[in-house]
Amino acid sequence: MTRTGPKGTYAAPALEKAFEIVELLAEYPDGALVSEMAASLGRSVGELFRIVIVMERLGYLRKSAHTDRYTVSYKLLETAYRATPAQNLVRAALPQMQGLAAAAGQSCHLVVASNDHGLVVACEQQPGMRGFSLRVGARIDIVNSCSGQVLLAYATTQRREQILQTLDEQLEEKVDRVRLAQRIETIRAAGHDSRQSPVTHGVTDISFPVFGFDGQIMAALTIPFLELIDGSQKVGLKAAREMLRETTAAIADTLGYPGTPSDA
């Protein structure tokens, strides 16, 4: 490791390339050849080849025997769960989510804040033939989505501003803080968020916060409530919302939530 730039700034070229590879492959569900990775990252094949081989040997990448394309393995996800609070969160949430999906006949997903976006860390599909759900690992718009606004509504002021500043640096148009403040006020007054999905017809998103032992928000649990034309859904929207409220309370209790969320 060599030290470059301002005091306290270090460079680790091999490590940087490894993370670039992982982030790139996240956009290639069918995998990519080393030559394709090099072209996309603006690097030479020689720069990446040894790093890819080492990551494959360690189990973080998988190479298809048929296409020679590399994909990210589940070892990365498993390691991340063990190394972050997501492990305890998912362990506490999954049994409750399974019960919720079965009782409500609706899918649900658990979202945490990750830098400038929300990240789905657990998902439970409803047991019937028809449903709507998000996959684990899906990125969520943290400013405009139901789950994202719940996360922001109950985040500390410092954490919320950190997220918004990051977004302001990335987006051409800055986040409308006045509008967001109004949404946050509404969500905190209701204790949850509920609205028509902005992307899927017939779906109403309902989201409640999940608090941890320290009174801080850990995640948002969301039901994308799918209303069937024939009215054959197991329960109505109001009942599903109450079930979701009870489920998040049960998860928080398992996590040791003392009962009073920290002031944001």
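Refer to the structure presented above.
Residues numbered from 1 in each chain as written. Predicted model: local features only at pLDDT ≥ 70, side-chain atom pairs only at ≥ 80, totals over all residues. Heavy atoms only, no water.

Topic: the overall build of the protein
Operational definition: Strands here mean DSSP runs of E at least two residues long; helices mean DSSP runs of H or I at least four residues long; both are numbered from the N terminus. Here the term buried applies to any residue with accessible area under 20% of the maximum for its type, exposed to any over 50%, and partly exposed to those in between, with areas from a 1.4 Å probe on protein chains only. Between two residues, a contact is recorded if the distance between any of their heavy atoms is within 4.5 Å. Accessibility throughout is a Shrake-Rupley quantity obtained with a 1.4 Å probe, and a residue counts as covered only by protein chains that appear here.
Looking only at helices and strands, the protein features nine helices and ten strands. Expressed as a percentage of the 264 residues in the protein, the buried residues total 41%. Within the protein, contacts between residues separated by at least 24 positions form 54% of all contacts whose residues are at least 6 apart in sequence. When the accessible surface of the protein is split by element, carbon and sulfur atoms take 53% of a total near 15,000 Å².

Thoughts on the pairing of strand S9 (residues 203-211)
Here is the rule: Criterion used throughout: strands pair if DSSP finds at least two bridges between them.
Within S9, nine of the nine residues are buried, leaving the element largely enclosed by the surrounding structure. Burial along S9 is two-sided: Val203, Asp205, Ser207, Pro209 and Phe211 facing one way and Thr204, Ile206, Phe208 and Val210 facing the other are all buried. The sheet contact formed by strand S8 (residues 193-196) and S9 spans four bridges and is antiparallel. Note on S9: the bridge partner recorded for Asp193 is Ser207. Here S9 pairs with strand S10 (residues 217-226) via nine bridges, running antiparallel. Paired with Ile206 across the bridge in S10 is Ile223. Between S9 and S10, which pair antiparallel one after the other, the connecting turn spans five residues, and Gly215 there sits at a positive phi close to 80°.

Considering helix H2 (residues 34-41)
Filter applied, for reference: Within this analysis, the arc is defined by the directions that extend from the helix axis to the C-beta atoms.
Every buried residue of H2 is accounted for by Val34, Met37 and Ala38. Along H2, the residues classed as buried sweep out an arc of 100° about the axis, all on the same side. For H2, the secondary structure elements touched by its buried residues are helix H1 (13-25), helix H3 (45-57) and strand S4 (70-72). At the C-terminal side of H2, Gly42 shows a positive phi close to 70°.

Some details on the pattern of salt bridges
Spelled out, the test is: Salt bridge, as applied in this entry: a Lys or Arg side-chain nitrogen positioned within 4 Å of an Asp or Glu carboxyl oxygen.
This structure, assessed with the given rule, holds ten salt bridges. A salt bridge links Arg43 to Glu47; its shortest N-O distance comes to 3.2 Å. In this structure Arg43 comes out as partly exposed when scored by relative accessible area, which is 24%. Under the relative-accessibility criterion, Glu47 is labelled partly exposed at 30%. One continuous salt-bridge network, built from bridges that share partners, spans Lys17, Glu20, Arg43 and Glu47.

Describing the sheet that holds S8
Filter applied, for reference: Here, axes are lines fitted to C-alpha atoms. For helices the fit covers the stretch in contact, and angles between N-to-C directions go from 0 to 180 degrees.
The six strands lie next to each other as S7-S6-S5-S10-S9-S8, forming an open sheet whose pairing is antiparallel. Looking at which strands have only one partner, the edges of the open sheet turn out to be strand S7 (139-140) and S8. The strands that helix H9 (residues 237-254) touches are S8, S9 and S10; relative to S9, the one it contacts most, it runs at about 20°.

Some thoughts on the packing of H1 against H2
Geometrically, a packed helix pair is captured by the angle between its two axes and the distance between the axes. Spelled out, the test is: Throughout, the term roughly parallel applies to angles under 35 degrees, roughly antiparallel to angles over 145, roughly perpendicular to angles from 65 to 115, and oblique to all others. Note on residue categories: nonpolar means Ala, Val, Leu, Ile, Met, Phe, Trp, Tyr, Cys or Pro, charged means Asp, Glu, Lys or Arg, and polar means any other residue, Gly included.
Where H1 contacts H2, the two axes come as close as 11 Å, and the packing angle between them is 100°. Considered as vectors, H1 and H2 are oriented roughly perpendicular to each other. For the pair H1 and H2, contact is made by Glu20, Ile21, Leu24 and Leu25 and by Met37, Ser40 and Leu41, respectively. Of the residues assigned to the contact of H1 with H2, the class counts are five nonpolar, one polar and one charged.

Overview of the packing of H1 against H3
For the pair H1 and H3, interaxial distance at closest approach is 10 Å and the crossing angle is 75°. In terms of their interaxial angle, H1 and H3 are classed as roughly perpendicular. Contacts from Ala14, Lys17, Ala18, Ile21 and Val22 of H1 reach H3 at Glu47, Leu48, Ile51, Val52 and Met55. Each residue belonging to the contact of H1 with H3 can be placed in one class, and the counts come to eight nonpolar, no polar and two charged.

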